[in-house]
Amino acid sequence: DWFEGRSILYSDRPDRQRRVLAGVCAASLDVISSALAEAKLDTTDVDFYAGHHGTAWYRQVTQENAGLGHARYADSFATNGSMAACNCPFVLALGLQREQVQRGDIVVTHAGGNGSTWSSLAMRWVG
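Being a predicted model, the structure only gives us computed values, none of them experimental.

Draft legend 1. Local environment of the nonpolar core. Among the nonpolar cores identified, the biggest contains twelve residues, and these are Val31, Ile32, Ala35, Leu36, Val46, Tyr49, Ala66, Leu68, Ala71, Ile106, Val108 and Ala122. Sorting the residues of this core by element identifies helix 1 (14-38) and strand 3 (106-113) as the ones contributing at least two each. With four residues, helix 1 is the single largest residue contributor to this core.

Structure (C-alpha cells):
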C-alpha cells in the first residue's frame, strides 16, 4: 500500500547527475561501435538490442544513439524498473520468450552503470 505508482528521483546535485547520465548515454555509441567492429559487423546487421534499463528512457536513447533504431527490443522498465546487472540478460530472456530473437539473429547488448562504466557485446544467437 505504500507505493503510489510513480517514481521520484532526488539528487542534491542534479547538474552532476545529468552529466553522468548524458556521459554514459554518449559512450553507448563508442562501446557498441567497438563491439560491432570487433565482430566485423555493422549496425544494419543487428536484429535485437538487449539494452540496459537504468531509467525509463535509457534504452531508447542508447539504441538510437548507436544507430540501432531498427533493431527489435524488449522493454521491461515499466514493469520491473532497473534490475541493475540483471537488465541485459533479463531483456534477452524476455525477447526469447516473446519470440523476438530467432536462431541466427545478431544480438547486441549495452549496459552502463555508476556513471563511469559501460560494456557492450555483439553475438550471433545460436540458441
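Draft legend 2. Main features of the environment of Ala50. Among the secondary structure elements, Ala50 is positioned in strand 1 (residues 48-51). Each C-alpha atom of the pair Ala50 and Glu38 lies 18 Å from the other, and the pair is twelve residues apart in sequence. Non-local contacts of Ala50, meaning those with residues more than four positions away in its chain, are made with Cys88, Val91, Leu92, Val108, Thr109 and His110.

Draft legend 3. Quick peek at the pattern of salt bridges. Throughout the structure, instances matching the rule amount to two salt bridges. Put simply, Asp75 and Arg59 hold a salt bridge, and the shortest N to O gap is 3.0 Å. Of the two residues, Asp75 is situated in the loop between strand 2 (72-73) and helix 3 (77-80) and Arg59 in helix 2 (residues 58-65); the sequence distance between them amounts to 16 residues. Residue Asp75 is classed as partly exposed on the basis of its relative accessible area of 30%. Judged by its relative accessible area of 6%, Arg59 falls in the buried class.

Draft legend 4. The arrangement of helix 1 in detail. Between the first and last C-alpha of helix 1 there are 36 Å, a value that for 25 residues agrees with the 36 Å anticipated at 1.5 Å per step. If you look at helix 1, its biggest bend is around 30 degrees, right at Ser28. Val24, Cys25, Ala27, Ser28, Val31, Ile32, Ala35 and Leu36 are the residues of helix 1 that are buried. Where helix 1 ends, the next residue or the one after it, Lys40, has phi of about 60 degrees, a positive value.

Draft legend 5. The arrangement of the packing of aromatic side chains in detail. Tallied over the full model, the rule gives one aromatic pair. A ring pair is formed by Trp57 and Tyr58, whose centres lie 6.4 Å apart and whose planes are at 40 degrees; its orientation type is tilted. Residue classification places Trp57 among the partly exposed residues on the basis of a relative accessible area of 38%. Under the relative-accessibility criterion, Tyr58 is labelled buried at 3%. For Arg59, the ring lying beneath its charged end belongs to Tyr73, and the centroid distance is 3.6 Å.

What counts, and at which threshold
Residues numbered from 1 in each chain as written. Predicted model: local features only at pLDDT ≥ 70, side-chain atom pairs only at ≥ 80, totals over all residues. Heavy atoms only, no water. Core = buried A, V, L, I, M, F, W, Y, C linked by side-chain atoms within 4.5 Å. Buried < 20%, exposed > 50% of the residue type's maximum accessible area, 1.4 Å probe, protein only. Helix = DSSP H or I, 4+ residues; strand = E, 2+ residues; numbered from the N terminus. Contact = heavy atoms within 4.5 Å. Salt bridge = Lys/Arg side-chain N within 4 Å of Asp/Glu carboxyl O. Expected span 1.5 Å × (residues − 1). Bend = angle between axes of the 7 residues up to and from the residue. Phe/Tyr/Trp six-rings, centres within 6.5 Å; stacked < 30°, edge-to-face > 60°. Lys NZ or Arg CZ within 6 Å of the ring centre and 35° of its normal.

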